[in-house]
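Understanding the architecture of this molecule
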Amino acid sequence: MKSGPYDVLFEPVRIGPVTAPNRFYQVPHCTGQGHLRPRADASGRAMKAAGGWGVVCNQETEIHPTSDLTPFPESRLWDEKDIPALRLMTDAVHAHGSLAGIELAHNGNHAANLLSRAPSFAPSDMSIDVLYPKQARAMDKTDIKNLRRWHRDAARRAKEAGFDIIYVYAGHRMTLPQHFLLPDMNDRSDEYGGSLENRVRLIRELIEETKEEVGDRCAVAFRFAVEELMGADGMQGQEEGREVVEMLAELPDLWDVNVSDWSNDSATTRFMPNDGFQIEHINFVKQLTTKPVVGTGRITSPDMMVSLINKGVLDLIGAARPSIADPFLPTKIREGRIEEIRECIGCNICVSSDNHGVPIRCTQNPTMGEEWRRNWHPEQIEPKGEAEAALVVGAGPAGLECAMQLARRGYAVTIADARDAAGGRAKREAELHGLSAWKRVSDNRLYDLKQRGNVNLYLESELSAKDVLDLEIPNVFIATGARWRSDGVGRSSRTAPKRASLMPVFTPDDIMDQTVLPGGPIVIYDDDQIYIGGVIAQHLAAAGHAVHFVTPAAIVSPWTEMTLEQGRIQRALIAAGVTIHTGRRLVEITTDRCRLDCTYGGAGNDVLCGAVVLITERTRKTALYDELKREGTLSHLELIGDAASPGLIADAVFDGHRAARGFEGDTEAQDATYFRRELVSLHDTIGG
Ligand code: ADP
Ligand code: SF4
């Protein structure tokens, strides 16, 4: 066989009693499917295996009702009744020759136990770490004995469910094994507290007992956050993190190492722009153990992967987000189709779905989470129907995705955009502070479109209804997007603030158009409360403007809690010298100031400024669609993306994809079923 630069990635790796067929390892990650949607979860995992991931893990798996993460649908293995749902995944993953891993978890004070109403546990008495009026109690010796038994029982059930790799999980500040390890969470005076040897005792016992129980057939992995990025206030890779690896070096069959907490492990490109950002924190581990090591940190470049293996930093290339953005990443590397890899953009929309407790979605991969319920495959699509050609107006995320999928189906596709560059908001937002990686959304699709002989892309082509009709293409998708409104109507107020005509007022579109702003302080009024307000504040501060950030919310960019960025955003604004006014609603813009009232009814204040940026809502651009609809002569006319429903870039990509798949389909049937649902079984009574 011909040797290639990436061959090393396709070597098998022995992990205890099992062997991974290659070095591509999907580390555990949540999907918002878990025990509520096991078929969907299994299908999504199986798609990774089909795409070449040699190991595919599930997500944190509750081992007992005292680790109940409700309302978040993680995996569950409380007793035998949970085995069949998990077996769906192992069978599906094995069908592609990959190994299946399970991340057993007891979440300690991270579990509020809202469903079970059980007490929450911790090494010492303390608050639980979700906002709920409850404290966790210090575990006594009986609790610890019980925990060890629950873990052992869960391991046995995991083996029965067909898993090949079984985890002991001490990471993300989310599980008891890590909580016992951390001095700030463990002030016990018994043999489980005090010295590191004592604090590591529970982990050692859990690994030993898991090996005893299932080690004949299953590998036992230890997922460990070696570094918390909290300096001396937390676990440090060069201090106790290293000592733990030294103490346990040969005990697990596999080291899965990362940084903690989740916001550090899953850092966004906005704040951690470098792919492979965790390597500097974990690269010491392999020197201390002969057991295989897997690490993560948005490793998407095949060259980086090869170098990490060759330099002896990792044995297995770990990925959560890169495997979500492109389940077929390993296959594309194997087949030398490097340019076709859909690189993760590090936006954490996937993470936000888990935080909302809904099925996973991805900006780059619109099929993620839709494998079972809509039967979508990331690389395959139905061939075209009877029609020959389609026109897509607008080359933003929705238009590009729609055009690309229509072209894949075999239609002759014409795509036109008014601007001199394609990409729409994906390209325009990528030019703002910290968002440069978002351009990958348009880069990937443009590359694909340019490879195809059945696509014509026209830029600087603003189409009127007459232009569209003159083209004589009977099937038209309108992806004309939306513009930010400039009257200040938004989430908190349905009436526009009073406004003096002399004060210059701008919107995010003006900032993205690189409009030059006047001198003097700028008020950014963020009543959108999602992400763009904070981005623009950082952007203008970095450009040297004095910035006042005003929001009716109690914190900056509140929705970004979902993407694990909120704390970083507020810190970044403070560090950039931005003056933050929370709980303030804009009531009037005068010639020299903004008048603010208090969202909660207290006294307001005035902010002197030379310009105002209003970030509130978007207005859909539907004029072209409306006119064509009135004409009524086209066979197919469909409004998609932000023009149909302004949302995230992920939503626009999804909608473009949906429209392309649905074209020439049975619309009535599509409407009737919408998608397959996993219904609660009435045949069994849990606990009965
Ligand atoms: P979405 O997120 O739905 O893809 P965007 O706002 O990112 O929406 O992209 C919409 C694109 O449509 C923009 O690039 C814009 O230039 C283009 N556009 C809007 N109206 C027209 C038109 N009449 N003719 C051609 N292109 C248009
Ligand atoms: Fe990457 Fe964003 Fe997709 Fe998550 S949603 S995998 S961060 S592109």
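This write-up is about the structure you can find in this document. Everything numeric in this text was worked out from a predicted model, so none of it was measured.

1. What about the overall build of the protein?
The secondary structure content of the protein amounts to 23 helices and 30 strands. The C-alpha radius of gyration computed for the protein amounts to 27 Å, which stays within 12% of the reference 26 Å derived for 688 residues, consistent with globular compactness. By principal-axis analysis of the C-alpha atoms, the protein measures approximately 75 × 65 × 55 Å. A burial count over the protein gives 60% of its 688 residues as buried. Pairs at least 24 residues apart make up 70% of the contacts formed inside the protein by residues separated by at least 6 positions. Accessible area for the protein stands at about 26800 Å²; split by element, carbon and sulfur atoms hold 49% of it. On the protein, the mean spot of the 77 positive side-chain charges and the mean spot of the 97 negative ones are 1 Å from each other.

2. Looking at the pattern of salt bridges
One pass over the structure, following the stated rule, counts 60 salt bridges. The partner of Asp 253 in a salt bridge is Lys 211, and the shortest N-O contact between them spans 3.7 Å. Of this pair, Asp 253 sits in the loop between α7 (240-248) and β12 (254-259) while Lys 211 sits in helix α6 (residues 201-214); the two residues are 42 residues apart in sequence, bridging distant segments of the chain. Residue class for Asp 253 comes out buried when judged on its relative accessible area of 7%. Here Lys 211 falls in the partly exposed class, since its relative accessible area comes to 28%.

3. Observations regarding the sheet that holds strand β20 (residues 498-499)
The strand order β20-β25-β26-β27 describes an open sheet built from 4 strands, whose pairing is mixed. Looking at strand neighbours, the two that pair on one side only are β20 and β27 (605-608), the edges of this open sheet. Here 4 bridges tie strand β26 (residues 593-598) to β27, and the two strands are oriented antiparallel to one another. Bridge pairing in β27 places Cys 594 opposite Val 607.

4. Quick word on the environment of Val 306
Mapped onto the fold, Val 306 is located in helix α10 (residues 302-310). C-alpha separation for the pair Val 306 and Pro 5, spaced 301 residues apart in sequence, amounts to 8.0 Å. With sequence-adjacent residues up to four places away left out, Val 306 is seen in contact with Pro 5, Tyr 6, Val 8 and Leu 9.

5. Digging into the site of ligand 1
Of all residues adjacent to ligand 1, which total 23 residues, the nearest are Ala 398, Asp 417, Arg 425, Leu 463 and Asp 642. Ala 398 has a polar backbone atom sitting 2.8 Å from an oxygen atom of ligand 1. Between Asp 417 and ligand 1, the recorded distance is 2.7 Å, taken from a side-chain N or O atom to an oxygen atom. For ligand 1, the protein covers 93% of the area, taking 580 Å² as the surface of the free molecule. If you list the elements that add at least two residues to the shell around ligand 1, you get α14 (397-409) and α15 (424-430).

6. A few points about the site of ligand 2
In the neighbourhood of ligand 2, 13 residues make up the surrounding shell, with Cys 344, Cys 347, Asn 348, Cys 350 and Cys 362 lying closest. Elements supplying a minimum of two residues to the shell around ligand 2: α11 (321-325) and α13 (349-356). The biggest single contributor to the shell around ligand 2 is α11, with 3 residues. The class makeup of the residues in the shell around ligand 2 is 8 nonpolar, 4 polar and 1 charged.

7. Observations concerning the pairing of strand β22 (residues 522-526)
In terms of burial, β22 is a largely internal element, 5 of the 5 residues being buried. Neither face of β22 is left uncovered, since the one carrying Ile 522, Ile 524 and Asp 526 and the one carrying Val 523 and Tyr 525 both have all their residues buried. Alignment of β22 against strand β23 (residues 547-551), held across 4 bridges, turns out to be parallel. Bridging across to β23, Ile 522 finds its partner in Val 547. Regarding topology, helix α19 (residues 532-542) serves as the crossover connection from β22 to the parallel β23, and that connection is right-handed. One ladder, built from 5 bridges, connects β22 with strand β28 (residues 611-615); its direction is parallel. The partner of Tyr 525 across the bridge, within β28, is Leu 614.

8. Here we look at empty space enclosed by the protein
The gaps left among the atoms become clear once a water-sized probe is rolled over them. Under the defined criterion, the tally for this structure stands at 6 cavities of 30 Å³ or more. The space that makes up the largest cavity amounts to roughly 100 Å³. Around the largest cavity, the lining comprises 13 residues; the ones closest to its centre are Cys 347, Trp 438, Tyr 531, Thr 563 and Glu 565. Considering only residue class, the lining of the largest cavity consists of 7 nonpolar, 4 polar and 2 charged.

9. A few points about the sheet that holds strand β18 (residues 475-478)
Read from one edge to the other, the open sheet built from 5 strands follows the order β17-β16-β15-β18-β30, with strand pairing classed as parallel. For this open sheet the edge positions go to β17 (455-458) and β30 (636-639), each flanked by a neighbour on one side alone. Averaged over all pairs of adjacent strands, the angle between their axes in this sheet comes to 15°, without regard to strand direction. Both strand β16 (residues 412-416) and β17 contribute to a ladder of 4 bridges, which runs parallel. Note that in β17 the partner of Thr 414 across the bridge is Asn 456.

Calculation notes
- Residues numbered from 1 in each chain as written.
- Chains lettered and ligands numbered in written order.
- Predicted model: local features only at pLDDT ≥ 70, side-chain atom pairs only at ≥ 80, totals over all residues.
- Heavy atoms only, no water.
- Helix = DSSP H or I, 4+ residues; strand = E, 2+ residues; numbered from the N terminus.
- Rg over C-alpha atoms; globule rule 2.2 N^0.38 Å.
- Buried < 20%, exposed > 50% of the residue type's maximum accessible area, 1.4 Å probe, protein only.
- Contact = heavy atoms within 4.5 Å.
- Areas by Shrake-Rupley, 256 points an atom, 1.4 Å probe, with all protein chains shown as cover.
- Lys, Arg positive; Asp, Glu negative; His and termini not counted.
- Charge placed at Lys NZ, Arg CZ, Asp CG, Glu CD.
- Salt bridge = Lys/Arg side-chain N within 4 Å of Asp/Glu carboxyl O.
- Pairing = 2+ DSSP bridges.
- Near = heavy atom within 4 Å.
- Polar contact = N/O pair within 3.5 Å; in protein donor to acceptor, adjacent residues only side chain to side chain.
- Nonpolar A, V, L, I, M, F, W, Y, C, P; charged D, E, K, R; others polar.
- Right-handed = clockwise from strand over helix to strand, strands pointing away.
- 1 Å grid on protein atoms, 1.4 Å probe; cavity = no way out; pocket = protein on both sides within 12 Å on 5 of 7 lines; lining within 4 Å.
- Points joined across faces, edges and corners; volume = space filled by probe spheres on them.
- Axes fitted to C-alpha atoms, helices over the stretch in contact; angles between N-to-C directions.

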